Amino acid sequence: MGCTRFGEFFDKGVDDLIVDAVTETVAGTRLALDDIDAFWLGTYVSGISGMSLSRALRLEGKPVTRVENMCATGSEALRAACYAVAAGAVDVAMAVGAEKLKDTGYSGLISPKIQDDGSRVDLSAPANFSLLVPAYEHRYGVSTGDFRAAMTHVAWKNHGNGALNPRAQFRKAVTKEAIAASPQVAGQFGVLDCSGVADGAAAAIVVRAEDAWKYTDKPLFIKAFSLVSGAASGNIDEEYDYTTFPEAVASVHQAYAEAGITNPRQQLALAEVHDCFTATEIVLMEDLGFAPRGSAWESVLAGEFDRDGVLPVNPDGGLKSFGHPVGASGLRMLFEAWLQLRGEAGERQLATADRGLALTQNLGGAPGAAVSFVSIVGTGAA
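Just so we're clear, the structure is a prediction, and the values are computed from it rather than from any experiment.

## Structural notes on the overall build of the chain
- Of regular secondary structure, the chain possesses 13 helices and eleven strands.
- Its C-alpha radius of gyration of 19 Å places the chain within 12% of the 21 Å reference for a compact globule of 382 residues.
- Along the first, second and third principal axes, the C-alpha set of the chain runs to 60 × 45 × 40 Å.
- For the chain, the proportion of its 382 residues judged to be buried stands at 59%.
- Here the contacts in the chain between residues at least 6 apart in sequence split such that 77% fall between residues at least 24 apart.
- As displayed, the chain has an accessible area near 15,000 Å², and 53% of this comes from carbon and sulfur atoms.
- In the chain, 31 side chains carry a positive charge and 46 a negative one; their mean positions are 5 Å apart.

As structure tokens, then:
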């Protein structure tokens with residue numbers, strides 16, 4: 001794998017970011033770029049068609065496919081590359097995720113117009129996800145002060161982790177007082193409850209498990225994949241109460257069954273989850289089975305998901321520290337699993353890494369209308 005630093009790059013275009021990520025990826029193997037049989041590029045708005053990759057890498061005579069699946073775009077590129085190898089269609093595949101958002105002059109995502117049935121509510125991402133907060137407080141009888149403290153802890157934890165990561169955009173620890181007092185954006189969300197905007201790229205080379213040792217001395221093995229796309233009915237479904245992502249629940253159950261995970265808190269070394277907003281991470285702790293329903297806020301405040309907790313969550317700093325270049329985020333999550341399980345995470349190296357398994361969860365869309373990808377990877381081939 002390879003991953004660029006995430007940030008705002010005035011001197012680099014998306015082509016440069018792709019080249020940087022791919023160069024690092026290939027350099028870590030016994031392969032040359034020409035040895036790769038097929039490529040998948042995940043990008044949301046920073047390129048059209050596979051030529052966005054073949055142009056940057058000067059590829060000739062290679063199949064290149066561009067994929068997009070909202071914020072799970074980078075994970076979708078990896079999924080496609082893995083299925084091609086598993087099917088025997090190719091021997092060596094590469095997944096690349098890249099996005100250049102900071103050149104748009106706009107602080108959020110520039111999205112294509114969606115054709116729908118008219119029931120979709122056109123809200124900003126912070127407004128959509130802010131609905132999680134009062135819904136959770138109401139359903140579980142949690143006070144606004146207690147849930148505010150849990151959201152603050154998530155931001156404090158992830159910024160603290162990112163301060164140790166040379167590839168993060170925001171490398172500065174932030175006090176809980178500053179987080180709690182940050183200017184309001186939507187609902188109970190302040191600025192520091194929201195992930196930032198960034199440029200970045202990441203890449204992975206995929207081969208059959210039995211061939212992995214030919215190319216690297218420390219391969220990572222894919223134990224499970226699951227992708228679930230919701231019916232986008234949350235806005236009109238009276239059963240949906242904005243305290244869960246059903247797509248995340250379905251995808252993680254499939255992944256756990258495939259990987260043989262029965263106790264994620266004890267079996268996983270770490271989890272990289274989609275902390276686009278602080279409340280999202282709290283809700284996902286329950287959706288992923290890390291905490292019982294209605295209790296994740298307490299587990300967060302108890303430090304159970306801190307870097308030295310029972311199950312470290314987002315030890316690289318997450319979207320809070322990296323920002324969210326949409327096409328790259330899913331592969332960036334996997335890159336932290338790659339570093340941690342290989343013992344190469346430096347100051348962030350986890351004591352739990354000897355468990356040998358990691359989870360990534362990459363969310364796209366909004367509450368009630370989401371796409372969820374889950375991967376489980378490990379150091380053992382069996």
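Moving on, there is more to tell.
## Some details on the packing of aromatic side chains
- Under the definition given, this model contains eleven aromatic pairs.
- Look at Tyr-136 and Phe-147: their rings are 5.0 Å apart centre to centre, the planes differ by 40 degrees, and that puts the pair in the tilted class. Taken as a pair, Tyr-136 in helix 5 (residues 132–140) and Phe-147 in helix 6 (residues 144–162) lie far apart in primary sequence, eleven residues in all. In terms of burial, Tyr-136 and Phe-147 fall into one category: buried.
- Between Phe-290 and Phe-305, the aromatic rings sit 6.4 Å apart at their centres with planes inclined by 45 degrees, giving tilted as the arrangement. Pair noted here: Phe-290 is in the loop between helix 10 (278–287) and helix 11 (296–301) and Phe-305 is in the loop between helix 11 and helix 12 (318–322), with a separation of 15 residues, a long-range link.
- Take Phe-290: its relative accessible area is 0%, and that puts it in the buried class.
- By relative accessible area, which is 2% here, Phe-305 ends up buried.
- Here the aromatic residues Phe-129, Phe-189, Phe-245 and Phe-277 are joined through ring pairs into a cluster of three or more.
- Between Arg-332 and the ring centre of Phe-322, over which it is positioned, the NZ or CZ distance is 4.9 Å.

## Digging into the UniProt feature "domain: Thiolase C-terminal" (unreviewed entry) in the chain
- Mapped onto the present numbering, the UniProt feature "domain: Thiolase C-terminal" (unreviewed entry) falls on residues 234–372.
- Counting secondary structure, residues 234–372 comes out at 40% helix and 12% strand; the distance between its end C-alpha atoms is 15 Å.

## Concerning helix 5
- Of the residues making up helix 5, those classed as buried are Leu-132, Val-133, Ala-135, Tyr-136 and Glu-137.
- Check the buried side of helix 5 and you find it contacts helix 4 (125–130), helix 6, strand 6 (189–190), helix 10 and helix 11.
- Phi for Gly-141, located one or two positions after helix 5, is positive at around 65 degrees.

## Concerning the sheet that holds strand 7 (residues 199–207)
- If you walk across this open sheet you meet the five strands as 1-7-4-2-3, and the pairing is mixed. Each end of this open sheet is capped by a strand with a single partner; those strands are strand 1 (2–3) and strand 3 (64–67).
- Direction of pairing for strand 2 (residues 38–42) relative to strand 3: parallel, over a ladder of four bridges. Looking at the pairing, Phe-39 lines up with Val-64 of strand 3.
- Sitting on the sheet, helix 1 (residues 14–27) touches strand 1, strand 2, strand 4 (92–100) and strand 7, and the angle it makes with strand 7 is about 35 degrees.

## Comments concerning the environment of Leu-78
- As for its position among the elements, Leu-78 is in helix 3 (residues 73–86).
- For Leu-78 and Phe-225, which are 147 residues apart along the polypeptide, the C-alpha to C-alpha distance reads 9.9 Å.
- Leave out the neighbours within four places in its chain, and Leu-78 touches Ala-95, Ala-204, Val-206, Phe-225, Leu-331 and Leu-334.

## Overview of the packing of helix 6 against helix 10
- Packing of helix 6 against helix 10 brings their axes to within 8 Å, and their N-to-C directions diverge by 100 degrees. One way to sum up the angle between helix 6 and helix 10 is to call them roughly perpendicular. When helix 6 is examined against helix 10, the residues Phe-147, Ala-150, Met-151, Val-154, Ala-155, Lys-157 and Asn-158 are found in contact with a partner set consisting of Thr-278, Ala-279, Glu-281 and Ile-282.

## Quick notes on the sheet that holds strand 8 (residues 221–229)
- The four strands lie next to each other as 8-11-10-9, forming an open sheet whose pairing is mixed. Edge positions in the open sheet fall to strand 8 and strand 9 (270–272), since each of these has one partner strand only. Within the sheet, the average angular offset between the axes of one strand and its neighbour, ignoring direction, is 15 degrees.
- Of the strand pairs in this sheet, strand 9 and strand 10 (residues 357–366) are connected by three bridges, and their pairing is parallel. Within the sheet, the bridge partner assigned to Ala-271 lies in strand 10 and is Leu-359.
- Against the sheet, helix 8 (residues 246–259) makes contact with strand 8, strand 10 and strand 11 (369–378), and its axis sits at roughly 155 degrees relative to strand 8, the strand it touches most.

## Re a nonpolar patch on the surface
- On the surface, Val-121, Leu-123 and Leu-131 cluster together into a nonpolar patch covering about 220 Å² of accessible area.
- Within the element layout of this structure, Leu-123 appears in the loop between strand 4 and helix 4.

Criteria and thresholds
Residues numbered from 1 in each chain as written. Predicted model: local features only at pLDDT ≥ 70, side-chain atom pairs only at ≥ 80, totals over all residues. Heavy atoms only, no water. Helix = DSSP H or I, 4+ residues; strand = E, 2+ residues; numbered from the N terminus. Rg over C-alpha atoms; globule rule 2.2 N^0.38 Å. Buried < 20%, exposed > 50% of the residue type's maximum accessible area, 1.4 Å probe, protein only. Contact = heavy atoms within 4.5 Å. Areas by Shrake-Rupley, 256 points an atom, 1.4 Å probe, with all protein chains shown as cover. Lys, Arg positive; Asp, Glu negative; His and termini not counted. Charge placed at Lys NZ, Arg CZ, Asp CG, Glu CD. Phe/Tyr/Trp six-rings, centres within 6.5 Å; stacked < 30°, edge-to-face > 60°. Lys NZ or Arg CZ within 6 Å of the ring centre and 35° of its normal. UniProt positions renumbered as here; feature names shortened; annotations may be inferred. Pairing = 2+ DSSP bridges. Axes fitted to C-alpha atoms, helices over the stretch in contact; angles between N-to-C directions. Parallel < 35°, antiparallel > 145°, perpendicular 65-115°, else oblique. Patch = residues over 30% accessible without salt bridge, like charges linked within 9 Å, V, L, I, M, F, W, Y side chains within 5 Å. Salt bridge = Lys/Arg side-chain N within 4 Å of Asp/Glu carboxyl O.

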